[in-house]
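Notes for the structure review
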Amino acid sequence: MTDRKTELAGNLARVEDRISAACAAAGRPRQDVTLIVVTKTYPASDVRLLADLGVRHVAENRDQDAAPKAAECADLPLSWHFVGQLQTNKVRSVASYADVVQSVDRKRLVDALSAAAVRGGRELGCLIQVAFDAESGGRSGRGGVAPDGVAELADAVAEAQGLRLQGLMAVAPLVGPYADRPGAAFDRLMEISSSLRAVHPAATMVSAGMSTDLEDAVAAGATHVRVGTAVLGVRPRLR
Ligand SMILES: *Cc1c(COP(=O)(O)O)cnc(C)c1O
């Protein structure tokens, strides 16, 4: 193995151990939790190594970086998740390679994604991004809709052509009532997920937890964790 592949294999093994231990501690089967590796800022060559090491889900947060990377890796058996704030003028590009858009947070974006999916003849999985630092009825500057806006947006996704409502995504907030309390934020996310599933039973995905708080997310009940730094290393530039 190349040095980089050995490094990634070691990091992946450590993350796998953490996920397994968190599942065991929560009394959950390991296969209930899917690892998504966040490859933002890292090159397509790393994505290729990760695929070789068995990774099947990758995530990106900027279309400018993700589009060429996804094109270079089109031969690999990967699902691509888009997790960044998404401007409507990038939707057509994102809809051409993303399998799941995890950052759906407004009706205008739902309409644009639906139009792009239909035009491209693709079905796009969608997660509603919940922001715990947003004012009631509003959105966060970092992306995401306030909890009280989830139901209406979920209905819009469910009704939109070309889109499939799959669940919820959240990032533990840095400010507001849940700052420094990722476990409490993820517990709240699971409550919102139960309400959502009462209306949309197939929307079972809960994407929560990153390098520093994946244990809290697994304990709360997350189905997907999004891990960047712990697999690839500290990013050269923060975006
Ligand atoms: C970058 C990013 C992650 C991964 O964060 P790490 O701390 O590097 O594990 C997860 N989710 C989103 C939305 C991100 O932007």
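Predicted model only: the values in this text are computed from it and were never measured.

Some thoughts on the nonpolar core
Core analysis: the largest hydrophobic core is formed by 73 residues, its most contacted members being Leu113, Ile128, Leu163, Val225 and Val231. Setting aside residues up to four positions removed in sequence, Leu113 forms contacts with Leu86, Val91, Val101, Val104, Leu124, Cys126 and Leu163. Ranked by size, the runner-up nonpolar core spans eight residues in total, among them Ile36, Val38, Ala59 and Met169.

Some remarks on helix H3 (residues 63–72)
For H3, every residue scored as buried is listed here: Asp63, Ala66, Lys69 and Ala70. Buried residues along H3 cover an arc of 140 degrees about the axis, so they all sit on one side. Turned more than 90 degrees away from the buried face of H3, the exposed residues are Ala71 and Glu72.

A look at the site of the ligand
Every residue near the ligand is listed here: Val38, Lys40, Val83, Met210, Ser211, Arg226, Val227, Gly228, Thr229 and Arg235. Note that an oxygen atom of the ligand is positioned 2.8 Å from one of the backbone N or O atoms of Gly228. In the environment of the ligand, an oxygen atom lies 2.6 Å from a nitrogen or oxygen atom belonging to the side chain of Thr229. Isolated, the ligand exposes 390 Å² of accessible area, and the fraction of that covered by the protein chains is 88%. Taken together, the residues that form the shell around the ligand break down as four nonpolar, three polar and three charged.

Rules of the game
Residues numbered from 1 in each chain as written. Predicted model: local features only at pLDDT ≥ 70, side-chain atom pairs only at ≥ 80, totals over all residues. Heavy atoms only, no water. Core = buried A, V, L, I, M, F, W, Y, C linked by side-chain atoms within 4.5 Å. Buried < 20%, exposed > 50% of the residue type's maximum accessible area, 1.4 Å probe, protein only. Contact = heavy atoms within 4.5 Å. Helix = DSSP H or I, 4+ residues; strand = E, 2+ residues; numbered from the N terminus. Arc of directions from axis to C-beta. Near = heavy atom within 4 Å. Polar contact = N/O pair within 3.5 Å; in protein donor to acceptor, adjacent residues only side chain to side chain. Areas by Shrake-Rupley, 256 points an atom, 1.4 Å probe, with all protein chains shown as cover. Nonpolar A, V, L, I, M, F, W, Y, C, P; charged D, E, K, R; others polar.

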